[in-house]
Protein chains: 2
Amino acid sequence: MKIVLDAMGSEMGTSVEVEGAIQAVKEYGHEIILVGDETVIKKELDKRGHYHGKISVVHAPERIEMHEPAALSVRRKRKSSIVVGLDILKREEADGFVSAGNTGAVVCAATLSLRMLPGIERPGIAIAIPTMRGVSVMIDVGANIDPKAIHLFQYGVMANAYSRYILNKANPTIGLLNVGEEESKGTEFIREAHTLLSKSKLNFIGNIEGRDIYVGNTDIIICDGFVGNVILKVSESVIDTLVKLLKKEVAKNIIAMIGAVLISTAFKPLKKKMDYTEYGGAPLLGIDGNCIIGHGSSTPKAIKNAIRVAAEFKKQDVNKHIIEDLETK
Amino acid sequence: MKIVLDAMGSEMGTSVEVEGAIQAVKEYGHEIILVGDETVIKKELDKRGHYHGKISVVHAPERIEMHEPAALSVRRKRKSSIVVGLDILKREEADGFVSAGNTGAVVCAATLSLRMLPGIERPGIAIAIPTMRGVSVMIDVGANIDPKAIHLFQYGVMANAYSRYILNKANPTIGLLNVGEEESKGTEFIREAHTLLSKSKLNFIGNIEGRDIYVGNTDIIICDGFVGNVILKVSESVIDTLVKLLKKEVAKNIIAMIGAVLISTAFKPLKKKMDYTEYGGAPLLGIDGNCIIGHGSSTPKAIKNAIRVAAEFKKQDVNKHIIEDLETK
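Predicted model only: the values in this text are computed from it and were never measured.

Draft legend 1. Highlighting the overall build of chain A. For chain A, the helix and strand inventory stands at 11 helices and 11 strands. For 329 residues, the compact-globule formula gives about 20 Å, and the C-alpha radius of gyration of chain A, at 20 Å, lands near that figure. Projected onto the principal axes, the alpha-carbon positions of chain A cover approximately 60 × 60 × 35 Å. Long-range contacts, defined as pairs at least 24 residues apart, comprise 71% of the intrachain contacts of chain A with a sequence gap of at least 6. Total accessible area on chain A is roughly 13400 Å²; 52% of this is exposed by carbon and sulfur atoms. Taken as two groups, the 42 positive and 40 negative side-chain charges of chain A have centres that lie 3 Å from each other.

Draft legend 2. Fine view of the interface of chain B and chain A. Contact residues are listed per partner, giving 50 residues for chain B and 50 residues for chain A. Carbon and sulfur atoms make up 76% of the area that chain B and chain A hide from each other, which totals about 5000 Å². For the chain B face of the interface with chain A, the top three residues by lost area are B:Met132, B:Phe226 and B:Lys233, together amounting to 12%. Connecting chain B to chain A are 2 salt bridges. A salt bridge links A:Lys233 to B:Glu209; its shortest N-O distance comes to 2.2 Å. Where chain B meets chain A, there are 9 residue pairs in polar contact (both at pLDDT 80 or more). Every element with two or more residues in the side of chain B that touches chain A is listed here: α8 (225-251) and α9 (254-274) of chain B.

Draft legend 3. Representation of the sheet that holds strand β5 (residues 124-131) of chain A. All names here are of chain A. Strand order across the open sheet formed by 11 strands is β3-β2-β1-β4-β11-β10-β5-β6-β9-β7-β8, with mixed pairing between neighbours. Of all strands in the sheet, those with a lone pairing partner are β3 (55-59) and β8 (204-208), marking the two edges. Neighbour-to-neighbour, the strand axes of this sheet turn through a mean angle of 25 degrees, independent of strand direction. Bridge count between strand β1 (residues 2-6) and strand β4 (residues 96-99): 3 bridges; the pairing is parallel.

Draft legend 4. Expanded view of the side chain of A:Glu209. For A:Glu209, the location among the structural elements is in the loop between β8 and β9 (220-222). A polar contact of 2.3 Å, which involves the side chain of A:Glu209, links it to the side chain of B:Lys233. With residues up to four places along the chain from it excluded, the contact list for A:Glu209 reads A:Leu177, A:Asn178, A:Val179, A:Gly180, A:Glu181 and B:Lys233.

Draft legend 5. Region of interest: a nonpolar patch on the surface. Together, A:Ile254, A:Ile255, A:Met257 and A:Ile258 give the surface a local cluster of nonpolar side chains, amounting to about 370 Å² of exposed area. Inspection of the secondary structure assignment puts A:Ile254 in helix α9 (residues 254-274).

Draft legend 6. Quick peek at the pairing of strand β4 (residues 96-99) of chain B. All names here are of chain B. Residues Gly-96 and Val-98 line one face of β4 and the alternating positions Phe-97 and Ser-99 line the opposite face, and both faces are buried. With 3 bridges connecting them, β4 and strand β11 (residues 291-293) associate as parallel partners. Bridge pairing links Phe-97 to Cys-291 in β11.

Draft legend 7. Structural context of the layout of surface pockets. By volume, the second largest pocket amounts to about 520 Å³. Together, 22 residues line the second largest pocket, and A:Asp146, A:Thr187, A:Phe189, A:Asp224 and B:Asp146 are the ones closest to its centre. Secondary structure elements with two or more residues in the lining of the second largest pocket: α7 (188-199) and α8 (225-251) of chain A together with α8 of chain B. Ranked by residue count, the leading element in the lining of the second largest pocket is α7(A), at 3 residues. Of the residues that constitute the lining of the second largest pocket, the class distribution is 13 nonpolar, 2 polar and 7 charged.

Draft legend 8. How the structure looks around the relation of the copies chain B and chain A. Once chain B has been moved 0.0 Å along the axis and rotated by 180 degrees, it coincides with chain A to within an RMSD of 0.0 Å. Both copies are brought into coincidence by an operation consistent with a two-fold rotation axis. Of every C-alpha in chain B, the one belonging to B:Gly259 sits nearest the axis of rotation, 1.9 Å from it. Mapped onto chain A, 100% of the interface residues of chain B are again interface residues, and the two copies thus contact each other with one and the same surface.

Draft legend 9. Looking closely at the side chain of A:Ser235. Position of A:Ser235 among the secondary structure elements: in helix α8. Side-chain polar atoms of A:Ser235 contact the backbone oxygen of A:Ile231, separated by 2.7 Å. If we skip the residues at most four places from it in the chain, A:Ser235 touches A:Tyr214, B:Val234 and B:Val238.

The rules behind the values
Residues numbered from 1 in each chain as written. Chains lettered and ligands numbered in written order. Predicted model: local features only at pLDDT ≥ 70, side-chain atom pairs only at ≥ 80, totals over all residues. Heavy atoms only, no water. Helix = DSSP H or I, 4+ residues; strand = E, 2+ residues; numbered from the N terminus. Rg over C-alpha atoms; globule rule 2.2 N^0.38 Å. Contact = heavy atoms within 4.5 Å. Areas by Shrake-Rupley, 256 points an atom, 1.4 Å probe, with all protein chains shown as cover. Lys, Arg positive; Asp, Glu negative; His and termini not counted. Charge placed at Lys NZ, Arg CZ, Asp CG, Glu CD. Buried area = accessible area lost by both parts, 1.4 Å probe. Salt bridge = Lys/Arg side-chain N within 4 Å of Asp/Glu carboxyl O. Polar contact = N/O pair within 3.5 Å; in protein donor to acceptor, adjacent residues only side chain to side chain. Pairing = 2+ DSSP bridges. Axes fitted to C-alpha atoms, helices over the stretch in contact; angles between N-to-C directions. Patch = residues over 30% accessible without salt bridge, like charges linked within 9 Å, V, L, I, M, F, W, Y side chains within 5 Å. Buried < 20%, exposed > 50% of the residue type's maximum accessible area, 1.4 Å probe, protein only. 1 Å grid on protein atoms, 1.4 Å probe; cavity = no way out; pocket = protein on both sides within 12 Å on 5 of 7 lines; lining within 4 Å. Points joined across faces, edges and corners; volume = space filled by probe spheres on them. Nonpolar A, V, L, I, M, F, W, Y, C, P; charged D, E, K, R; others polar. Least-squares fit on C-alpha atoms with pLDDT ≥ 70 in both.

Listed below in C-alpha cells is the structure:
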C-alpha cells in the first residue's frame with residue numbers, strides 16, 4: 001500500500017507529517033510518498049534517522065496557505081503539495097492521498113483532477129464523531145455548502161458504504177438533520193431530501209435534531225456542508241470553553257485543585273473517547289479516488305491514523321460499493 | 001407592569017408557570033395574567049396561598065402541544081392559551097406576553113395577531129448565551145428557517161437595540177456566522193447579507209465561525225433560524241453528553257468519586273454561568289408587541305426571569321428603538 005502525504009498541510013508544519021509518516025511505516029508497514037519542500041522534509045527525516053526504504057520524497061515548492069481562496073490557489077499554485085500530491089494519485093502511482101491542509105483547496109483540487117464517481121454529482125466530507133453509543137458519521141462537514149436535495153441523498157449512499165466497510169456497521173441507520181422530527185419540518189430543500197431518502201432502500205429513520213447527534217441516535221447524520229461545518233466548530237468550542245472556565249474556577253480553590261487531580265483518572269478515558277485523532281482523517285467521498293482530509297491542527301498520531309484510514313479505504317474498495325449502491329439503493 | 005403568562009406552555013406543566021409567576025410577583029411586584037385551564041391554574045394557586053391581588057386568571061381550555069404543526073394548530077385552536085394570551089396583548093390590556101410552549105406556534109400566532117413592526121419583514125428569536133467573555137446574543141434561533149439576506153440585516157438592527165437597552169452594551173459588535181472569516185466565504189445568501197451589514201452603520205465586524213460563538217468574540221451573532229436552532233440543540237447536547245460520560249467514568253473509580261466531590265465547588269459557579277434560566281426568555285424580535293419565548297423545559301426561575309425580561313423590554317421600549325434604528329442604520 002502506497003499513500004501520498006501532503007507534507008506541507010498541517011498548521012504545525014512538516015515535522016508533524018514526517019513524524020506521522022514514520023509512525024505509520026512502523027505500525028502498518030505502508031509506503032509513504034511525502035510531497036512538499038524537499039529540503040525541509042529531508043531535514044525532518046534526517047532528524048529521525050533514515051526510512052528511505054519505505055518513505056520517498058517528491059518535491060513541491062509551493063504551499064497553499066490555510067486562508068487562501070480554494071479555487072484560485074489551486075489554479076495558481078500548480079507546484080503546491082496538494083496539486084502535485086493529487087497528480088501522483090491521478091497517474092495511479094499511489095493508492096491514496098492524505099492532507100491536513102486547506103480543506104477547500106483539497107476538495108477543489110481533488111474534484112478537478114480526479115473527477116467524480118459515475119452518478120455522483122458533488123463530493124461530501126464524512127467525519128467520524130464520538131457519541132454516547134460509539135462512533136457516528138456526519139456528512140457533509142464543508143465540501144459543499146450549498147447542496148441540492150439529490151446531493152443529500154447521495155451523501156446517504158456514500159456514508160452508508162463508508163460506515164459498512166470502514167466502520168464495520170452492518171446496516172447503519174441514517175438521520176436527516178432538521179429543526180424537528182416531523183416530516184413537515186424544515187426548508188423545501190430539506191423536505192425534498194427527506195422524500196428522496198424515504199423512497200430509497202437506505203436504512204433511513206427520518207429527521208433528527210441537533211440534540212440527537214452526540215447521543216448517537218443514528219449511525220449517519222446527513223446535513224449540508226454549511227451546517228456541518230458550523231456544528232463541528234461549535235462542538236469543539238463548547239468543550240474548549242467549558243474546560244477553560246472549569247480550570248479558571250479550579251485554580252481559585254485548593255480543595256477543587258485536589259479534586260481535579262483525583263478526578264483526572266476519570267477524565268483520561270473520556271479524553272480518549274472524545275479524541276478526534278483516534279479516528280483518523282475524514283474521507284472526501286464521491287470523488288473517483290481516495291482522498292483523506294485531516295484536521296489543520298493534526299498531531300502525528302492523527303496523521304498516522306489518517307494514513308491508516310486511506311489504506312483501509314483502498315483495501316475495502318469503498319468507491320466500488322458506492323457505485324454499486326447508487327444503482328440499487 | 002402587567003404581563004400575560006401562558007400557563008399551559010412548559011413541558012413540566014402549569015405548576016412551573018404558577019410558581020414562576022408567584023416568584024415574579026414577590027420579587028418584582030409585576031401583575032401577572034395567567035392564561036390556561038382555569039381549574040388547573042386555580043388549584044396550583046390555591047396550593048401556594050392566594051396572590052389574587054396581583055395574579056388574575058383568564059380561561060383558555062385548549063393547549064397547543066409541543067409537536068403540533070404551528071400554523072395549523074394556531075388556526076384551529078382559537079381557545080388555546082397561546083392564542084387567547086396574545087389576544088389580551090393585542091387588545092392592549094397587558095404589557096407583554098411570555099410562553100414556554102410550542103415555539104413555532106407562538107411565532108405564528110404572534111406574527112398573525114400582532115403583525116410586524118413597520119419596515120421589518122420577518123421576526124427573529126434572539127437568545128442570550130453565556131460565553132467566555134460574558135453574555136452574547138444569537139439571532140435567529142428558529143423563528144425563520146429560510147430567511148433572505150435583508151432579514152439577516154434586520155436581525156442585526158433588532159439585536160443591536162436589544163443588546164443596548166436590555167443587556168446594557170453601549171456599542172455591541174456584530175458577527176455574521178459563516179464557514180470562514182474571508183468576505184468571499186459562504187453561500188450567495190450569506191455573502192449578500194455580508195454586503196448589507198457592511199454598508200450599514202451597525203458595528204459589524206465581519207464573518208465569524210462556529211468556534212467564535214462561545215469565546216464571545218462578538219456581542220451579537222447573526223445566523224439563519226435553521227443554523228441557530230441546530231447550534232442551540234447541539235450545544236446543549238454536547239454538554240449533556242460530556243457530563244453523562246464523565247459520571248459513568250467517575251462511578252467506576254473510588255478515587256475519582258472523591259475527586260468529584262472535592263471539585264464540585266468549582267463546578268457550581270460554572271453551572272450558574274452556563275445556566276440559561278439565569279438569562280430569562282428569548283424575545284421574539286420584529287413583531288409589533290412584546291413576546292418572550294421560554295425554553296420548553298423551563299424551571300420556575302426561568303419563567304420568573306422571562307417575566308423580568310418582558311417587563312424590561314416594555315420599560316425600555318425596545319421596539320421604538322428598533323424602528324428608529326431601521327431608518328438610520
